[in-house]
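Geometric and topological summary
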Amino acid sequence: MTMQSRDTVDHELIQAAADVARTRCRGDNHTMAAAGRAQDGRIITAVNAYHFTGGPCAELVLIGTAAAQGAYELDTIVAVGDGERGVVPPCGRCRQVLLDYFPAVKVIVGNGDRRRTVRVTDLLPESYVWADHQLENG
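The sections below set out a description of the structure shown in this document. (Residues numbered from 1 in each chain as written. Predicted model: local features only at pLDDT ≥ 70, side-chain atom pairs only at ≥ 80, totals over all residues. Heavy atoms only, no water.)

1. Notes on the packing of aromatic side chains
Threshold: Under the pairing criterion, centres of Phe, Tyr and Trp rings, with the six-membered ring standing for Trp, must be within 6.5 Å; the plane angle then separates stacked pairs below 30 degrees from edge-to-face pairs above 60, leaving the rest tilted.
In the structure shown here, the tally under the stated rule is 1 aromatic pair. On the basis of an interplanar angle of 50° and a centroid distance of 5.9 Å, the ring pair of Tyr-101 and Phe-102 is categorised as tilted.

2. As for the environment of Val-88
This is how it is decided: Numbering goes from the N terminus for both helices and strands, where a helix is a DSSP run of H or I of at least four residues and a strand is a run of E of at least two. Here the term buried applies to any residue with accessible area under 20% of the maximum for its type, exposed to any over 50%, and partly exposed to those in between, with areas from a 1.4 Å probe on protein chains only. Only heavy atoms matter for contacts: two residues are in contact if any of them lie within 4.5 Å across the pair.
By the element assignment, Val-88 lies in the loop between strand 4 (86–87) and helix 3 (92–101). The class for Val-88 is partly exposed, based on a relative accessible area of 23%. For Val-88 and Thr-117, which are 29 residues apart along the polypeptide, the C-alpha to C-alpha distance reads 13 Å. If sequence neighbours within four positions are ignored, Val-88 has contacts with Met-32, Ala-79, Val-80 and Gly-81.

3. Topic: helix 1 (residues 11–24)
Filter applied, for reference: A helix is expected to span 1.5 Å multiplied by its residue count minus one. Relevant arc is that of directions from the helix axis to the C-beta atoms, nothing else.
Counted at 1.5 Å a residue, the expected span for helix 1 with its 14 residues is 20 Å, and the 20 Å between its end C-alpha atoms agrees. Those residues of helix 1 that fall on the buried side of the exposure criterion are Leu-13, Ile-14, Ala-16, Ala-17, Val-20 and Ala-21. Each buried residue of helix 1 lies within a common arc of 160° when the element is viewed along its axis, so the set occupies one face. Lining the buried residues of helix 1 we find strand 1 (32–38), strand 2 (43–47), strand 3 (74–81), strand 4 and strand 5 (106–109).

4. Observations concerning helix 2 (residues 58–68)
Among the residues making up helix 2, those that are buried are Ala-58, Glu-59, Leu-60, Leu-62, Ile-63 and Ala-66. Summarising the contacts, the buried residues of helix 2 are in contact with strand 1, strand 2, strand 3 and helix 3.

Here you go:
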């Protein structure tokens, strides 16, 4: 896994997600917050929508929220759990979706001294890239 220095961790992004987790996550329906930095520098936040049928994770809600705000490219993303759980790595489904939408996106993982920024491809080695398996139009 390619590690970057802790100095390259976007602490403002982590704080934004932590603030949303602390102030907006309530009960069992909203337990995770995510923050993403758009390529234009904006920070976009979202929360998960838990449902027993497999409601979307905060990272997936963030993708739609970013698009609704005109941010179609994300540079970095982080998820933070409610109850002061800290940074939580993306689940397997989110890793795949992040790879398909933003193949160069960076993801903040780890806590405390182990916090670091990695590329989504480092979290999903030997991955299936959906775009590589689509038929050409025409």
